[in-house]
Amino acid sequence: MNKIALMLLCVVALAACTATPPDLEPLPGSLTYGETASSRKTRAAPGTMIQNRFLHKGTMVFETYEVQPDHTYKLVRRSVANSWPPGD
């Protein structure tokens, strides 16, 4: 019985490792919020990382975009500060 439980645990752990995270959805203030993919283009080289920061519901949001081969932005990373302004 213990071998079956251990095997099941290993299968679940491996499945979690290979799962891809869901795509990040733009927030109000994001560079791509409310736009279609083709409406915002840049002259930056594909692979260039672009930073954006903005306030969203009282918290500071930091986003990183990667320029795609068609020169559109793809949101690849987001982090949120605990509160804004600092010290609150």
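As a reminder, the structure under discussion sits directly above these lines.
Residues numbered from 1 in each chain as written. Predicted model: local features only at pLDDT ≥ 70, side-chain atom pairs only at ≥ 80, totals over all residues. Heavy atoms only, no water.

**Observations regarding the overall build of the protein**
Line of reasoning, step 1. Looking only at helices and strands, the protein has one helix and three strands in total.
Line of reasoning, step 2. Going through the 88 residues of the protein one by one, you find that 20% of them count as buried.
Line of reasoning, step 3. When contacts within the protein are restricted to residue pairs at least 6 apart in sequence, long-range pairs at least 24 apart make up 39% of them.
Line of reasoning, step 4. Only carbon and sulfur atoms are counted for the fraction: they give 61% of the accessible area of the protein, which is about 6800 Å². (Helix = DSSP H or I, 4+ residues; strand = E, 2+ residues; numbered from the N terminus. Buried < 20%, exposed > 50% of the residue type's maximum accessible area, 1.4 Å probe, protein only. Contact = heavy atoms within 4.5 Å. Areas by Shrake-Rupley, 256 points an atom, 1.4 Å probe, with all protein chains shown as cover.)

**Overview of the pattern of salt bridges**
Line of reasoning, step 1. Applying the stated criterion to the full structure yields one salt bridge.
Line of reasoning, step 2. The partner of Glu63 in a salt bridge is Arg78, and the shortest N-O contact between them spans 3.0 Å. Of the two residues, Glu63 is situated in strand 2 (residues 59–67) and Arg78 in strand 3 (residues 73–80); the sequence distance between them amounts to 15 residues.
Line of reasoning, step 3. Accessibility expressed as a relative area gives 25% for Arg78, which makes it partly exposed. (Salt bridge = Lys/Arg side-chain N within 4 Å of Asp/Glu carboxyl O.)

**Some remarks on the packing of aromatic side chains**
Line of reasoning, step 1. In this structure the tally under the stated criterion is one aromatic pair.
Line of reasoning, step 2. A centroid spacing of 5.9 Å and a plane angle of 50 degrees characterise the contact between Tyr65 and Tyr73, whose relative ring orientation is tilted.
Line of reasoning, step 3. Residue Tyr73 is classed as buried on the basis of its relative accessible area of 17%. (Phe/Tyr/Trp six-rings, centres within 6.5 Å; stacked < 30°, edge-to-face > 60°.)

**Describing the side chain of Thr72**
Line of reasoning, step 1. Among the secondary structure elements, Thr72 is positioned in the loop between strand 2 and strand 3.
Line of reasoning, step 2. Of the residues examined, Thr72 reaches a relative accessible area of 6% and is grouped as buried.
Line of reasoning, step 3. Of the polar contacts made by the side chain of Thr72, one reaches the side chain of Asp70; its length is 2.6 Å. (Polar contact = N/O pair within 3.5 Å; in protein donor to acceptor, adjacent residues only side chain to side chain.)

**Comments concerning the nonpolar core**
Line of reasoning, step 1. If you look at the biggest cluster of nonpolar residues, it comprises six residues: Leu31, Ile50, Tyr65, Val67, Tyr73 and Leu75.
Line of reasoning, step 2. At the level of elements, strand 2 and strand 3 are the ones that each hand at least two residues to this core.
Line of reasoning, step 3. Among all residues touching Leu75, those that are not within four sequence positions of it are Leu24, Glu25, Pro26, Glu63, Thr64 and Tyr65. (Core = buried A, V, L, I, M, F, W, Y, C linked by side-chain atoms within 4.5 Å.)

**Some points on the pairing of strand 3**
Line of reasoning, step 1. Direction of pairing for strand 2 relative to strand 3: antiparallel, over a ladder of seven bridges. The residue bridging Thr64 from the neighbouring strand is Arg77, located in strand 3. (Pairing = 2+ DSSP bridges.)

**Structural notes on the environment of Val67**
Line of reasoning, step 1. Its location among the elements puts Val67 in strand 2.
Line of reasoning, step 2. In the structure, Val67 is positioned 24 residues away from Arg43 in sequence and 9.2 Å away in space, judged by C-alpha atoms.

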